[in-house]
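Breakdown of the fold
What follows is the residue order along each chain.
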Amino acid sequence: EAQVTQNPRYLITVTGKKLTVTCSQNMNHEYMSWYRQDPGLGLRQIYYSMNVEVTDKGDVPEGYKVSRKEKRNFPLILESPSPNQTSLYFCASSWWGYTFGSGTRLTVV
Amino acid sequence: GENVEQHPSTLSVQEGDSAVIKCTYSDSASNYFPWYKQELGKRPQLIIDIRSNVGEKKDQRIAVTLNKTAKHFSLHITETQPEDSAVYFCAASLTGFQKLVFGTGTRLLVSP
């Protein structure tokens, strides 16, 4: 089954404690991206990757890092999370339409 | 960069009525326009898309129309059912495998 697997689904953490949200796809897509979803603001792109070792900033990259060492994996890293990064995060891979992961609801206290 | 505006933000209809959601985009180079449905607590899922060389596309009760000259596209849902209740997002992209810019979403409520 074609899918994007994202973990964890829920995460509560404290300010400043580094965390990683994992994302893996089994569709051999080259393009992957991360979005955050906030009420009233829709889905905003954080980072994207066109292929292995090729990443670039989206619209809201501040406070986030990504890496793309393998085609299937695209983790999102928050080196020092802050409360304004509390949000719902989606990973997606695409070929003429995005397939989204199941989402990660992150709360930073 | 591309900017997508979506209206209305909320839409309430009676079961069996039609619903129309409209989006405008700013970048005339955009060529791919998908629509996503997001049910409460779930991921957005692609329901229909259209490419710039097509003016209209239908899939059962849903249809999308595109006016490239005016830079707007619309989602039409006919014979609405309670299970159509969700948030709908439009989006635009240069191609289907590059950055999607999303509208802010429309919450559709279908009352029995």
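To keep things clear, this report deals only with the structure shown in the data block. Quick caveat: nothing in here was measured; it's all calculated off a predicted structure. (Residues numbered from 1 in each chain as written. Chains lettered and ligands numbered in written order. Predicted model: local features only at pLDDT ≥ 70, side-chain atom pairs only at ≥ 80, totals over all residues. Heavy atoms only, no water.)

**Points about the sheet that holds strand S1 (residues 4-7) of chain B**
Residue and element names in this part refer to chain B.
- With respect to topology, 5 strands assemble into an open sheet ordered S1-S3-S8-S7-S6, the strand pairing being antiparallel. On the outer flanks of this sheet lie S1 and strand S6 (56-59), each paired with one strand and no other. The mean inter-strand angle of the sheet, taken between neighbouring strand axes irrespective of direction, is 15 degrees.
- In terms of strand pairing, S1 meets strand S3 (residues 19-25) through 4 bridges, oriented antiparallel. For His 7, the partnering residue across the bridge sits in S3 and is Lys 22. (Pairing = 2+ DSSP bridges. Helix = DSSP H or I, 4+ residues; strand = E, 2+ residues; numbered from the N terminus. Axes fitted to C-alpha atoms, helices over the stretch in contact; angles between N-to-C directions.)

**Some words on the environment of B:Asp84**
Residues and elements named next belong to chain B.
- Looking at the secondary structure, you find Asp 84 in the loop between strand S8 (72-77) and strand S9 (86-92).
- Using a relative accessible area of 6% as the deciding quantity, one classes Asp 84 as buried.
- When the C-alpha positions of Asp 84 and Glu 15 are compared, they lie 9.4 Å apart, and in sequence the two are 69 residues distant. (Buried < 20%, exposed > 50% of the residue type's maximum accessible area, 1.4 Å probe, protein only.)

**As for the sheet that holds strand S3 (residues 19-25) of chain A**
All names here are of chain A.
- Reading across from one edge, S1-S3-S8-S7 is the order of the 4 strands in this open sheet, with antiparallel pairing throughout. Of all strands in the sheet, those bounded by a partner on one side alone are strand S1 (4-7) and strand S7 (65-66).
- As paired elements, S3 and strand S8 (residues 76-78) share 3 bridges and run antiparallel to each other. Within S8, the residue paired with Thr 20 across the bridge is Ile 77.

**Points about the nonpolar core**
- Residues B:Trp35, B:Phe73 and B:Leu108 are the most contacted members of the largest nonpolar core, which totals 24 residues.
- Contributing elements (two or more residues each) for this core: strand S2 (10-14), S3, strand S4 (32-38), strand S5 (45-51), strand S7 (62-67), S8, S9 and strand S11 (106-111) of chain B.
- In terms of nonpolar packing, the next biggest core, distinct from the first, is built from 18 residues, A:Val4, A:Val21, A:Met32 and A:Leu76 among them. (Core = buried A, V, L, I, M, F, W, Y, C linked by side-chain atoms within 4.5 Å.)

**Notes on the side chain of A:Ser33**
- Tracing the backbone through its elements, the reader meets A:Ser33 in strand S4 (residues 31-38).
- Judged by relative accessible area, A:Ser33 falls into the buried class, the value being 0%.

**Quick word on the pairing of S3(A)**
Residues and elements named next belong to chain A.
- By the criterion of burial, S3 is predominantly enclosed, with 5 of the 7 residues buried.
- Of the pairings in the sheet, the one linking S1 to S3 comprises 4 bridges and is antiparallel in character. Residue pairing across strands places Asn 7 opposite Thr 22, the latter belonging to S3.

**Some points on the interface of chain A and chain B**
- Opposite the 21 residues of chain A that make contact, chain B presents 20 residues.
- Counting the surface lost from both chain A and chain B, the interface buries some 1,800 Å², and carbon and sulfur atoms represent 59% of this.
- The interface formed by chain A and chain B includes 1 salt bridge.
- Put simply, A:Asp59 and B:Lys99 hold a salt bridge, and the shortest N to O gap is 2.7 Å.
- Here chain A and chain B share 8 residue pairs in polar contact (both at pLDDT 80 or more) between them.
- Residue classes in the side of chain A that touches chain B are distributed as 11 nonpolar, 8 polar and 2 charged. (Contact = heavy atoms within 4.5 Å. Buried area = accessible area lost by both parts, 1.4 Å probe. Salt bridge = Lys/Arg side-chain N within 4 Å of Asp/Glu carboxyl O. Polar contact = N/O pair within 3.5 Å; in protein donor to acceptor, adjacent residues only side chain to side chain. Nonpolar A, V, L, I, M, F, W, Y, C, P; charged D, E, K, R; others polar.)

**Focus on the pattern of salt bridges**
- What the rule picks out here adds up to 8 salt bridges over all chains.
- In this structure, B:Arg61 and B:Asp84 form a salt bridge, with 2.9 Å as the shortest nitrogen-oxygen distance. You can see B:Arg61 sitting in the loop between S6 and S7 and its partner B:Asp84 sitting in the loop between S8 and S9, a full 23 residues away along the chain.
- Take B:Arg61: its relative accessible area is 23%, and that puts it in the partly exposed class.
- A cluster of three or more residues bridged by salt bridges with shared partners is formed by A:Arg36, A:Asp38 and A:Arg44.

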